Amino acid sequence: MKILSVVGARPQFVKAAVVSRTLRSTSGVSEVLLHTGQHYDANMSQVFFDELHIPRPDYNLGIGGGSHAQNTGRMLEAIEAVLFDEKPDWVLVYGDTDSTLAGALAAVKIHVPVAHVEAGLRSFNRRMPEEINRVLTDHAADLLFAPTETAVANLRREGVPDERIALVGDVMYDAALFYASMAEERSSILETLGLNPREYILATVHRAENTDSPARLKAIFTALSQVAETMPVVLPLHPRTRKALAANNLWELAQGVRLIDPVGYLDMVMLEKNAALIVTDSGGVQKEAFFHQVPCVTLRTETEWVELVGAGWNVLAPPFSHEEVYKKILESVGRSGLDLPLYGDGRAAQKIVARLLSAPARPD
Ligand code: UD1
Ligand code: UDP
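Residues numbered from 1 in each chain as written. Chains lettered and ligands numbered in written order. Predicted model: local features only at pLDDT ≥ 70, side-chain atom pairs only at ≥ 80, totals over all residues. Heavy atoms only, no water.

## Looking at the site of ligand 1
Rules: Whether a residue is near a molecule or strand depends on its heavy atoms: it is near if one of them lies within 4 Å of it. Polar contacts, as used here, are pairs of N or O atoms within 3.5 Å; protein pairs need one atom able to donate a hydrogen and one able to accept it. Residues neighboring in sequence count only if both atoms are side-chain atoms. The accessible surface values rely on the Shrake-Rupley method and a 1.4 Å probe; as for residues, cover is taken only from the protein chains in view. What counts as a helix is a DSSP run of H or I of at least four residues, what counts as a strand is a run of E of at least two, and both are numbered from the N terminus.
Around ligand 1, the surrounding shell holds 19 residues, and the nearest of these are Gln 38, His 39, Glu 130, Arg 240 and Lys 243. The side chain of Gln 38 places a nitrogen or oxygen atom 2.8 Å from an oxygen atom of ligand 1. For ligand 1, whose unbound accessible area comes to 740 Å², protein coverage reaches 90%. Elements with a contribution of two residues or more to the shell around ligand 1: helix 5 (129-140) and helix 12 (239-247). Take the shell around ligand 1: its biggest share by element is three residues, from helix 12.

Structural data, given as structure tokens:
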């Protein structure tokens, strides 16, 4: 069985790392890896391939840096050409980026079955590009690998038949378990930055709804700078946010925060697990906070990972006023939640590969 996996953005490298390894250690399975090029800086892409031992992509389309339509359109055309050459049995797509939608759409139109990892997530906020990408991908795909019960319920409510849905758990949890000891052994980020465990806050900001709104960006960085007067705030800066801060003359304001370049996954794990609190608008980082039992404040009006709020680990802080964000951050240091098995048993990748192998053969 030949599987063609499509990746392109940072969180997809982390997800694909565990699935690719499992695919390649399963007899009778071969994988072709396609990188769209959506993320292209060395610290947003290559570092993950090197550290996590992800195989070198068979194809790198070099398509990134454009608008949604430019990226998606160019990817669609280029992925289709690869599919005609490779003739895979399945296309595997991850998450909710423009690369996900392009991979799913290119394949389904020429009758190559599509499997979607991290299916069924919903924010119910249709202004998010990710929400559009997820809904369209889920409804184009043949097999939907849901990470949570909530995701399964979302798919059922939208009329997706049960035989297309598989609850497998979350591949990011697999990754957190698999790379935990490697991070301890190889990362010296705390020493490099002079940080003591539980004496700093880790923050990340990149969501379009925050970076593209000067008011929200200002509220977030004002609050973080105020917090930083009493506790260091370390923030690996996404290139999108770097550009937005500069474009909105907020660069000076942000200097209260300890801005660093994006870090590799192993350094990120160490920064996460030793933080007193994580403040983020990232989907993956919200879950990783929970995996490492660190409280989290999410800089959004809603989250797809509702079970984290229910379990008490995550609190939403809509970034409309810096006072509100500041208050939520201060209240959250030292908070904890319920220790529940929310994301499976760490064997999501094995379940995904087993289900792909047992799927009916592709009709001619
Ligand atoms: C994308 C995903 C988002 C995901 C995020 C993970 C979409 C619509 N969004 O958002 O769901 O949470 O990745 O990080 O697919 N840039 C660089 N260097 C890079 C990558 C990006 O400079 O290596 C800059 C470019 O100016 C680019 C901008 O960041 O135009 C945005 O990149 P893009 O991939 O379009 O979206 P993200 O905001 O990264
Ligand atoms: N991450 C990383 N270095 C960073 C920031 C994030 O390795 O500087 C990892 C993080 O641990 C998680 C993934 O990237 O595994 C999440 O990606 P991101 O926040 O960009 O996207 P999202 O999950 O919001 O789609």
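Back to the text.
## Notes on the environment of Gly 346
Formally: Pairs of residues are marked as contacts when any of their non-hydrogen atoms sit within 4.5 Å.
Mapped onto the secondary structure, Gly 346 falls in the loop between helix 17 (322-332) and helix 18 (348-358). As for Gly 346 and Phe 178, which are separated by 168 residues in sequence, their C-alpha atoms are 8.5 Å apart. Setting aside anything within four residues of it in sequence, one finds Gly 346 in contact with Tyr 173, Asp 174 and Leu 177.

## Describing the pattern of salt bridges
Proximity of charged atoms lets side chains of opposite charge pair with each other. The following threshold applies: Any Lys or Arg side-chain nitrogen located within 4 Å of an Asp or Glu carboxyl oxygen qualifies as a salt bridge. Relative accessibility thresholds used throughout: buried, under 20% of the residue-type maximum; exposed, over 50%; partly exposed, between the two (1.4 Å probe, protein chains only).
Evaluated as defined, the whole model comprises 21 salt bridges. Between Lys 15 and Glu 118 there is a salt bridge, with the nearest N and O atoms lying 3.1 Å from each other. Placement of the pair is Lys 15 in helix 1 (residues 10-24) and Glu 118 in the loop between strand 5 (114-117) and helix 5, with a sequence separation of 103 residues. Of the two residues, Lys 15 and Glu 118, both sit in the buried class. Salt-bridge contacts for Lys 328 lead to Glu 324; the nearest nitrogen and oxygen are separated by 4.0 Å. Of the two residues, Lys 328 and Glu 324 are both situated in helix 17; the distance of four residues between them amounts to about one turn of the helix. Residue Lys 328 is classed as partly exposed on the basis of its relative accessible area of 22%. Taking the relative accessible area as the measure of exposure, Glu 324 reaches 36% and is therefore partly exposed. Several salt bridges share partner residues, and in doing so they unite Asp 96, Glu 131, Arg 134, Glu 209, Arg 300, Glu 302 and Glu 304 into one network.

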